[in-house]
Amino acid sequence: GQRGTVFLPIVMKPPPEPEPEPEPEIDLGAEFLEALRIHPEQQRPILHRCDRLWAAAKERVIGLANGGPWAHFDQLGVTPNQYAIRNGCILPSWYPPVGNTIESLGAGTASIFHMTQALARSEKHANHIFGRIDMFRQQCCAGIGFAEGSGPFKYYWVIMLAVCEGTSGE
């Protein structure tokens, strides 16, 4: 070769593998809501997502999944109706401000089918989630939370159905 010419080695390797597309996150709450909508026992003419109740249900289910009491109140005694109110839902005057007229709980499975079946086997829960009685049939606003946690049941569901007349900011 010529003087002053430098030959650099060529290192050949295959191009990097493309990063795999992230798996789309499955919104089990949305899928559960659709399962309730189309269920043959559903008595409500309409059932729609309510962001205020969705936030309340998510807050509740995270507490349950992280060791909160398995009850219709949290470790501070806050009830489902209070969760809805503090997330901006104006409940009808005939709902007690403290108490539970809106929440069903389920646990132990991530399967929407199995959770729906389990709730349907309980008359009180079935009355609520399918709107079998007049009071519940009027509850057309839905918030559904799902979480996996460290508690004894591993998988937790909170189903909030209510008449949510608006927000306190409206």
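Data block above holds the structure.
Counting from 1, residues in each chain are numbered in the order their sequence is written. The predicted origin of the model limits local features to residues at a pLDDT of at least 70 and limits the giving and counting of side-chain atom pairs to 80 or more, whereas totals for whole chains, interfaces and linings rest on all residues. To get the side-chain values, all heavy atoms of the structure are used, and hydrogens and water are removed first.

*Asks:* Looking at this model, I keep getting lost on the layout of surface pockets. Mind explaining?
*Replies:* Summary: where empty space remains is shown by rolling a probe the size of a single water molecule over the atoms. For each structure, a 1 Å grid was placed over the protein atoms alone; sets of points admitting a 1.4 Å probe that cannot get out are labelled cavities, open sets with protein on both sides within 12 Å along at least five of seven lines are labelled pockets, and lining residues have an atom within 4 Å of a point. Grid points are joined across faces, edges and corners, and a volume is the space filled by probe spheres set on the points. Empty space within the largest pocket amounts to approximately 150 Å³. As for the largest pocket, its lining consists of ten residues, of which Asp27, Leu28, Gly29, Lys58 and Phe146 are closest to the centre. Of all the elements in the fold, those that place two or more residues in the lining of the largest pocket are α1 (28-38), α2 (51-65) and β3 (141-148). No other element matches the three residues that β3 contributes to the lining of the largest pocket. When its residues are assigned to classes, the lining of the largest pocket shows five nonpolar, two polar and three charged. Counting from the N terminus, the helices are the DSSP runs of H or I reaching at least four residues and the strands are the DSSP runs of E reaching at least two. Three residue categories are used. Nonpolar comprises Ala, Val, Leu, Ile, Met, Phe, Trp, Tyr, Cys and Pro, charged comprises Asp, Glu, Lys and Arg, and polar comprises the others, including Gly.

*Asks:* Looking at this structure, how should I read the side chain of Glu103?
*Replies:* Counting through the fold element by element, Glu103 comes out in strand β2 (residues 103-107). Polar contact is the term for a pair of N or O atoms within 3.5 Å; when the atoms are in protein, one must be able to donate a hydrogen and the other to accept it, and sequence-neighboring residues count only if both atoms are side-chain atoms. Here the side chain of Glu103 touches Arg60 through a polar contact of 2.8 Å, side chain to side chain.

*Asks:* So what exactly am I meant to see when it comes to the packing of α1 against helix α4 (residues 112-120) here?
*Replies:* Relative orientation and spacing of two packed helices are given, respectively, by the angle between their axes and the distance between those axes. For the pair α1 and α4, interaxial distance at closest approach is 10 Å and the crossing angle is 50 degrees. Overall, the two elements α1 and α4 adopt an arrangement that is oblique. Crossing of α1 over α4 shows right-handed handedness. Taking contact as the criterion, the partners of Leu28, Glu31, Phe32 and Ala35 in α1 are, on α4, Ile112, Met115, Thr116 and Leu119. The class makeup of the residues in the contact of α1 with α4 is six nonpolar, one polar and one charged. A fitted line through C-alpha atoms serves as each axis, taken over the contacting stretch for helices, and the angle formed by two N-to-C directions is quoted from 0 to 180°. Roughly parallel here means an angle under 35 degrees, roughly antiparallel means over 145, roughly perpendicular means 65 to 115, and every remaining angle is called oblique. What makes a crossing left-handed is the near helix being turned counterclockwise from the far one by less than a right angle; a clockwise turn instead makes it right-handed. Note on contacts: a residue pair qualifies if any of its non-hydrogen atoms lie within 4.5 Å across the two residues.

*Asks:* Is there a simple way to explain α4 in this structure?
*Replies:* The set of residues buried in α4 consists of Ile112, Met115, Thr116 and Leu119. Along the axis of α4, the buried residues cluster in a sector spanning 100 degrees; they form a single face. In the core, the buried residues of α4 are packed alongside α1, β2, α5 (123-130) and β4 (155-162). Put simply, Ser111 is the residue that caps the front of α4, since its side-chain oxygen is 3.4 Å from the backbone nitrogen of Phe113. Residue exposure (1.4 Å probe, protein chains only): buried if accessible area is under 20% of the type maximum, exposed if over 50%, otherwise partly exposed. Each C-beta atom gives one direction from the helix axis, and the arc is the one those directions make.

*Asks:* What am I meant to see in the sheet that holds β2 here?
*Replies:* Within a sheet, neighbouring strands are paired by backbone hydrogen bonds and run either parallel or antiparallel to one another. Strands were regarded as paired on the criterion that DSSP finds at least two bridges between them. Spatially, four strands are ordered β1-β3-β4-β2 in an open sheet, and the strand pairing comes out mixed. The two strands at the open ends of the sheet, each matched to only one other strand, are β1 (48-49) and β2. Relative to β4, β3 runs antiparallel, the two being bridged by eight bridges. Each residue of the ladder has a partner; that of Glu148, found in β4, is Tyr155.

*Asks:* I would appreciate a short explanation of the state of the cysteines in the present structure.
*Replies:* Note: disulfide means a covalent bond formed between the sulfur atoms of two cysteine side chains. Note on disulfides: each one is a pair of cysteine sulfur atoms within 2.5 Å. Scanning the model with the defined rule gives one disulfide in all. At a sulfur-sulfur separation of 2.0 Å, the disulfide partner of Cys89 is Cys164. In this pair, Cys89 is assigned in the loop between α3 (80-86) and β2 and Cys164 in the segment after β4, connecting sequence segments 75 residues apart. For the pair formed by Cys89 and Cys164, the shared burial category is buried. Among the cysteines around Cys50, which has no disulfide bond, Cys164 carries the closest sulfur, lying 3.9 Å off. In this structure Cys140 is not part of a disulfide, and its nearest cysteine sulfur, from Cys141, lies 4.4 Å away.

*Asks:* Could you clarify how one ought to interpret the packing of aromatic side chains in this entry?
*Replies:* Geometry of an aromatic ring pair is reported as the spacing of the ring centres plus the angle between the planes. Only centres within 6.5 Å qualify two rings of Phe, Tyr or Trp (six-membered ring in Trp) as a pair; their planes then separate them into stacked at under 30 degrees, edge-to-face at over 60, and tilted for everything else. Tallying each qualifying case throughout the model produces seven aromatic pairs. Both rings, one in Phe32 and one in Trp157, keep their centres 5.0 Å apart while their planes meet at 40 degrees; by these two values the pair is tilted. Placement of Phe32 in helix α1 and of Trp157 in strand β4 is noted, with a sequence separation of 125 residues between them. Here the two residues Phe32 and Trp157 agree in accessibility, since each one is buried. Look at Phe153 and Tyr156: their rings are 6.1 Å apart centre to centre, the planes differ by 70 degrees, and that puts the pair in the edge-to-face class. An aromatic cluster of three or more residues is present, and its members are Phe32, Phe146, Tyr155 and Trp157. In this scheme, the term charge over a ring applies when either NZ of a lysine or CZ of an arginine sits within 6 Å of the ring centre and within 35 degrees of the ring normal. Sitting over the face of the ring of Trp54, Arg49 holds its NZ or CZ atom 4.0 Å from the ring centroid. The aromatic ring of Tyr83 is capped on one face by Arg86, whose charged end is 4.4 Å from the ring centroid.

By themselves, these figures tell us nothing about what the structure is for.
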